Amino acid sequence: MMLNDWRTAKEIQKDYSIQPKTFAKWRAECEASPYKDAIIRVSERVTYVVEPKWQQFLKYKAQEHKQKTLDPHLRAL
């Protein structure tokens, strides 16, 4: 682990039990979200993840999922 809270994509995949395809999808979602600064792309092959911001993105993603699966009658409350 790096001292500045940056992790490699492979470290994140391993530590969070994320398959490479899922990570690629979530990375793209993260880059299109308010937490896009969690992803640091140095090149096409080298990606770093700022872990605290990645965790914020995951919370944001979980909240979006909860809203999508919530009964439509309860969403407005």
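Residues numbered from 1 in each chain as written. Predicted model: local features only at pLDDT ≥ 70, side-chain atom pairs only at ≥ 80, totals over all residues. Heavy atoms only, no water.

## A few points about the side chain of Q13
For step 1, the next point in the chain: As for its position among the elements, Q13 is in helix α1 (residues 9-15).
For step 2, the next point in the chain: On the accessibility criterion, Q13 (15% relative accessible area) is buried.
For step 3, the next point in the chain: Not counting the four nearest positions on each side in its chain, Q13 is found in contact with I18, Q19, P20 and F23. (Helix = DSSP H or I, 4+ residues; strand = E, 2+ residues; numbered from the N terminus. Buried < 20%, exposed > 50% of the residue type's maximum accessible area, 1.4 Å probe, protein only. Contact = heavy atoms within 4.5 Å.)

## A look at the pairing of strand β3 (residues 47-50)
Looking down a regular strand, the side chains alternate between one sheet face and the other.
For step 1, the next point in the chain: The sheet contact formed by strand β1 (residues 6-8) and β3 spans 3 bridges and is antiparallel. Counterpart to T8 in the pairing with β3 is Y48.
For step 2, the next point in the chain: Counted between consecutive antiparallel strands, the loop separating strand β2 (residues 39-41) from β3 contains 5 residues. (Pairing = 2+ DSSP bridges.)

## Things to note about helix α2 (residues 20-31)
For step 1, the next point in the chain: For α2, which comprises 12 residues, the first-to-last C-alpha distance of 16 Å matches the rise-based estimate of 16 Å (1.5 Å per residue) to within 8%.
For step 2, the next point in the chain: Every buried residue of α2 is listed here: F23, R27 and C30. Mapping the buried residues of α2 onto a view down its axis gives an arc of 65°, with all of them on the same face. Pointing more than 90 degrees away from the buried face of α2 are the exposed residues K21 and K25.
For step 3, the next point in the chain: Residues of α2 that are buried in the fold lie against α1, β2, β3 and α3 (51-69). (Expected span 1.5 Å × (residues − 1). Arc of directions from axis to C-beta.)

## Observations concerning unusual backbone geometry
For step 1, the next point in the chain: Even without glycine at this site, D5 takes up a positive phi of about 70°.
For step 2, the next point in the chain: Phi at S17 is positive, roughly 55°, even though this residue is not glycine.
For step 3, the next point in the chain: Counting through the fold element by element, S17 comes out in the loop between α1 and α2.
For step 4, the next point in the chain: In this structure S17 comes out as exposed when scored by relative accessible area, which is 65%.

## Notes on the pattern of salt bridges
For step 1, the next point in the chain: Using the criterion set out here, one finds 7 salt bridges in the structure.
For step 2, the next point in the chain: The salt bridge involving D15 is made with R7; its shortest N-O contact spans 1.9 Å.
For step 3, the next point in the chain: The exposure class assigned to D15 is partly exposed, which follows from its relative accessible area of 45%.
For step 4, the next point in the chain: Classification of R7 by relative accessible area gives buried; the value is 6%.
For step 5, the next point in the chain: Within this structure, R7, E11, D15 and E51 form a network of salt bridges that share partners. (Salt bridge = Lys/Arg side-chain N within 4 Å of Asp/Glu carboxyl O.)

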